[in-house]
Amino acid sequence: MLLRLRKGSAERQRHAVLALADELGYRRRFLDHAETLLELVGRGAPEHRSRFEDLAAVAEVLDAGDARERHERGDRDDTVVTAGDARFGGGDLSIIAGPCAVEDVDRLLEIARAVKARGATLLRGGAFKPRTSPYSFQGLGRPGLERLARVRAEVGLGVVTEVLETREVEHVAEVADMIQIGARSMASTPLLLEVGRTGKPVLLKRGFGATVRELLMAAEFVLSTGNEQIVLCERGVRGFDRVTRNLLDVGAVAHLKRATHLPVIVDPSHAAGRADLVRSVARAGLAAGADGLIVEVHPHPEEAHSDGAQAISVAELGHVVEDARALAALDGKHLVRPERISLTA
Ligand code: PEP
Ligand code: MN
């Protein structure tokens, strides 16, 4: 590990750095006369980097050496995340689709059958919805979870659903094959830990004002519980223009594929905010290396309780899935299909 110490830091603060190095079992030596570059040789551990960064005299960790954080790619192969019939990573792509929010049960059944028939391997629907206004539809709550459970059993499709608060994690985990932590909750460390401890696969969405490092640190919280089943999701960051709801950060997708062993998917719906752009934005995300998509689909968007403007039709989902298959093949990857495609949809 290589640390750069702050020039002119107090002796007591410099001493704290050396003491920590000793405590962690590193051999140490300064590489320069000014004693600002400190080389540490020893056995690294994931928490060492942050422990040094927290010290006042440390300006920067220039090289973490083998003190790798748990999310880091290093020489690791892709982590493959599995939930229901879906597989993300290791050359496998999967599609998650469904309405923004869980609504009435017949509608949910209709959507679940339709998205499965088009090739989605997970159904996404929110029972707990994070909304900008307290006066907007907040989701059905626990009754929404019951509807998801029923549809999951009837259609034979795994479900992804969001949890907003720690006290609901247990209930959500009973139903969900994958637990979503949304953009607004990405920084909620108690939630990250509680969800991590369920051992269930986690869909972790990037906050719209979060850096890539912050997203990876959110993943690190989940990883610190021993749960490695994490799918990262780029859903667009806030831009200055209003033509799209957010800006899909395709550079971040390409970067993440190199920086971490965790799979990365793209949410073209919240990035575009407009149904007519979802297919193009989905293609862009896949071209950047995404391991799958999460797409909002609704047969009657004008009746949707939330995010109707960005919901695509079932037919359009079919096009998105065909694009995904073609783009995956270009990269020598494979789009996972549902096990048994429902013929009634
Ligand atoms: C959603 O997935 O419906 C949602 C609210 O997404 P995000 O957390 O990315 O805004
Ligand atoms: Mn939504």
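Cut-offs used in this document
- Residues numbered from 1 in each chain as written.
- Chains lettered and ligands numbered in written order.
- Predicted model: local features only at pLDDT ≥ 70, side-chain atom pairs only at ≥ 80, totals over all residues.
- Heavy atoms only, no water.
- Near = heavy atom within 4 Å.
- Polar contact = N/O pair within 3.5 Å; in protein donor to acceptor, adjacent residues only side chain to side chain.
- Areas by Shrake-Rupley, 256 points an atom, 1.4 Å probe, with all protein chains shown as cover.
- Axes fitted to C-alpha atoms, helices over the stretch in contact; angles between N-to-C directions.
- Helix = DSSP H or I, 4+ residues; strand = E, 2+ residues; numbered from the N terminus.
- Parallel < 35°, antiparallel > 145°, perpendicular 65-115°, else oblique.
- Left-handed = near helix turned anticlockwise from the far one by under 90°.
- Contact = heavy atoms within 4.5 Å.
- Nonpolar A, V, L, I, M, F, W, Y, C, P; charged D, E, K, R; others polar.
- Pairing = 2+ DSSP bridges.

Enquirer: So what exactly am I meant to see when it comes to the site of ligand 1 here?
Expert: As a structural note, the neighbourhood of ligand 1 is formed by Cys 100, Arg 124, Lys 129, Pro 130, Gln 180, Gly 182, Ala 183, Arg 184, Lys 205, Arg 235, His 270 and Glu 296. One of the side-chain N or O atoms of Lys 205 is found 2.9 Å from an oxygen atom in ligand 1. Side-chain polar atom of His 270 to an oxygen atom of ligand 1: 3.2 Å apart, as the coordinates give it. Within the complex, 97% of the 290 Å² of free accessible area of ligand 1 lies under protein.

Enquirer: Can you walk me through the packing of helix H6 (residues 189-197) against helix H7 (residues 212-223) in this structure?
Expert: For any two helices packed against each other, one specifies the crossing angle of their axes together with the interaxial distance. Where H6 contacts H7, the axes come no closer than 7 Å and their chain directions differ by 45 degrees. Between H6 and H7, the crossing angle belongs to the class labelled oblique. In this structure, the crossing between H6 and H7 has a hand that is right-handed. Of H7, the residues touching H6 (which contributes Thr 189, Leu 192, Leu 193 and Gly 196) are Ala 218, Phe 221 and Val 222. Across the contact of H6 with H7, the residue classes break down as 5 nonpolar, 2 polar and no charged.

Enquirer: Just to check I follow, could you spell out the sheet that holds strand S4 (residues 58-63) for this structure?
Expert: Through backbone hydrogen bonds, the strands of a sheet pair up, either in parallel or in antiparallel fashion. Read from one edge to the other, the open sheet built from 4 strands follows the order S2-S3-S1-S4, with strand pairing classed as antiparallel. The outermost strands of the open sheet, each flanked by one partner alone, are strand S2 (27-30) and S4. Strand after strand, the sheet turns through a mean of 25 degrees between neighbouring axes, direction not considered. In the sheet, strand S1 (residues 2-5) pairs with S4 via 4 bridges, with the strands oriented antiparallel. Bridge pairing in S4 places Leu 3 opposite Val 61. Most of the contacts of helix H1 (residues 11-23) go to S2, to which it runs at about 145 degrees, and overall it touches S1, S2, strand S3 (37-41) and S4.

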